[in-house]
Amino acid sequence: QVQLVESGGGLVQAGGSLRLSCAASISFLKINRIGWYRQAPGKQRELVASIISGGSTNYADSVKGRFTISTDGAKNTVYLQMNSLKPEDAGIYFCSAGVVVSSEYQYNVWGQGTQVTVSS
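To start, this report covers the structure provided alongside it. (Residues numbered from 1 in each chain as written. Predicted model: local features only at pLDDT ≥ 70, side-chain atom pairs only at ≥ 80, totals over all residues. Heavy atoms only, no water.)

### Regarding the overall build of the protein
Along the backbone of the protein there are zero helices and eleven strands. The helix and strand sequence of the protein, counted from the amino end, reads β-β-β-β-β-β-β-β-β-β-β. Relative to the 2.2 N^0.38 estimate, which gives 14 Å for 120 residues, the radius of gyration of the protein is 14 Å and therefore close to what a compact globule would have. For the protein, buried positions account for 41% of its 120 residues. Intrachain contacts of the protein at a sequence separation of at least 6 include 55% that bridge at least 24 residues. Carbon and sulfur atoms make up 47% of the accessible area of the protein, which totals about 6,500 Å². (Helix = DSSP H or I, 4+ residues; strand = E, 2+ residues; numbered from the N terminus. Rg over C-alpha atoms; globule rule 2.2 N^0.38 Å. Buried < 20%, exposed > 50% of the residue type's maximum accessible area, 1.4 Å probe, protein only. Contact = heavy atoms within 4.5 Å. Areas by Shrake-Rupley, 256 points an atom, 1.4 Å probe, with all protein chains shown as cover.)

### Points about the pattern of salt bridges
Any two side chains of opposite charge can pair, given that their charged atoms come close. Counted by the stated rule, this structure contains four salt bridges. When the shortest N-O distance is used, the salt bridge between D89 and R38 registers 3.0 Å. Here R38 lies in strand β4 (residues 31-39) and D89 lies in the loop between β8 (77-82) and β9 (91-100), a separation of 51 residues in the sequence. Here R38 falls in the buried class, since its relative accessible area comes to 7%. A salt bridge links D89 to R66; the nearest nitrogen and oxygen atoms lie 2.7 Å apart. (Salt bridge = Lys/Arg side-chain N within 4 Å of Asp/Glu carboxyl O.)

### Here's the deal with the packing of aromatic side chains
A full pass over the atoms with the stated rule returns three aromatic pairs. Between F94 and W110, the ring centres sit 6.4 Å apart and the planes meet at 80 degrees, which makes this aromatic pair edge-to-face. Within this pair, whereas F94 is found in strand β9, its partner W110 is found in strand β10 (residues 106-110), the two being separated by 16 residues in sequence. By relative accessible area, which is 38% here, W110 ends up partly exposed. Three or more aromatic residues joined by ring pairs make a cluster, and in this case those are Y37, F94 and W110. In this structure, R45 is placed above the aromatic ring of F94, and the distance from its NZ or CZ to the ring centre is 3.8 Å. Looking at R45, its charged tip hangs above the ring of W110, at a distance of 4.6 Å from the centre. (Phe/Tyr/Trp six-rings, centres within 6.5 Å; stacked < 30°, edge-to-face > 60°. Lys NZ or Arg CZ within 6 Å of the ring centre and 35° of its normal.)

### Remarks on the state of the cysteines
The tally for this structure, following the rule as stated, stands at one disulfide. Here C22 engages in a disulfide with C95; their sulfurs sit 2.2 Å apart. The sign of the S-S torsion, about -80 degrees, decides the handedness of the disulfide formed by C22 and C95: left-handed. Within this pair, whereas C22 is found in strand β3 (residues 18-24), its partner C95 is found in strand β9, the two being separated by 73 residues in sequence. The exposure class of C22 is buried, given its relative accessible area of 0%. Residue classification places C95 among the buried positions, given a relative accessible area of 0%. (Disulfide = S-S within 2.5 Å.)

Dropping the structure here:
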């Protein structure tokens, strides 16, 4: 069973930085997309940033210029560097990946989430 394990969350003051990590239990060669989502209390889960196997990235408008998603294929790990954090960036951050089983079948897997708190 594929597992994603997030780390790096915590409490930070507004304007500060955090780097989240998500380690996958399988090779990135078997993943066609991996990204970060966040969910604030009372709100729907939303996409923050994602990267596809070709290297293209996608960011939510609210984090463009402040957050950077990157991968380390040797470690099967995806990172989210978060700079200039704002209170509205707070929430539980989840890692999600698209696992390719065959040309006709793939499925999504989610991590357990890591809490990010930003104090004003």
